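Working through the structure, step by step
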Amino acid sequence: MIPSALGKSWMAGGAKMRVSTNKLQQLAIFTTLLTGGGIGTMYYLMQKKFAESDYHKLALQKLEECTVAMESLGAPPLKIHNIHLTDRDNRIDQQIAKIKIPVTGSKTGGYLYTSSIRDPNTNRWNVKLAVLRLKEGQTINLLNSPSLATENTEFSLHDND
């Protein structure tokens, strides 16, 4: 038997609880705004944590020290964008940080692929890989003598998994 809206109450003891549609709409809107604000705050704090990390700063330092890479981008000005949190190239744990940082200059943009390892003795991060891949497909190794590769080299931070 299906209870009707005007029939017996769903509450124990026979007490009826009536909530207007307007109040339910207000509650739904409030909950949506609160959830959205929480997610936005979490996203902002995660991006801030990445930008302030030593492995992020060291990678950008390598980029800024490489004149070939900076000229290829058309930097300065150099714009560093937020990393994509869902990108599989971004992996960080206690010992290894592999991140893909979007960067742009006045000429073009690309991704800075980096891999850093934390030294267990000093607890400091050391950059082991720093490669700039431009939108046009050229790659520049920032740790070796800078040279521009003209071929479209496939590049990923993934270990063969």
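Everything below is about the structure shown above.
One structure accompanies this document, and this report is about it. (Residues numbered from 1 in each chain as written. Predicted model: local features only at pLDDT ≥ 70, side-chain atom pairs only at ≥ 80, totals over all residues. Heavy atoms only, no water.)

Throughout the structure, instances matching the rule amount to two aromatic pairs. Ring geometry for Y55 versus W125: centroids 5.1 Å apart, planes at 75 degrees, classification edge-to-face. Taken together, the residues Y55 in helix α2 (residues 54-65) and W125 in strand β5 (residues 125-134) connect sequence positions 70 residues apart. Of note, K100 hangs over the ring of Y111, and the distance from its end group to the ring centre comes to 4.4 Å. (Phe/Tyr/Trp six-rings, centres within 6.5 Å; stacked < 30°, edge-to-face > 60°. Helix = DSSP H or I, 4+ residues; strand = E, 2+ residues; numbered from the N terminus. Lys NZ or Arg CZ within 6 Å of the ring centre and 35° of its normal.)

Another aspect to go through is the nonpolar core. Buried together is how nonpolar side chains tend to be arranged in soluble globular proteins. One finds L63, L73, I101, V103, L132 and L142 to be the most contacted residues of the largest nonpolar core, which totals 24 residues. Broken down by secondary-structure element, the contributors of at least two residues to this core are α2, α3 (67-73), β3 (96-104) and β5. Of the residues forming this core, the biggest block, five residues, is contributed by β5. Beyond its immediate stretch of four places on either side in the chain, I101 contacts H56, A59, L60, I80, H81, I83, G110, Y111 and L112. (Core = buried A, V, L, I, M, F, W, Y, C linked by side-chain atoms within 4.5 Å. Buried < 20%, exposed > 50% of the residue type's maximum accessible area, 1.4 Å probe, protein only. Contact = heavy atoms within 4.5 Å.)

Turning our eyes to something else, we now look at unusual backbone geometry. In the segment running from A75 into P76, the intervening peptide bond is cis, with an omega of 5 degrees. Here P76 is to be found in the loop between α3 and β1 (79-80). In this chain, P76 is followed by P77 through a cis amide linkage whose omega measures 0 degrees. Here P77 is to be found in the loop between α3 and β1. The backbone of N123 sits at a positive phi, close to 65 degrees, despite the residue not being glycine. By secondary structure assignment, the location of N123 is in the loop between β4 (109-118) and β5. The partly exposed category is assigned to N123, whose relative accessible area is 49%.

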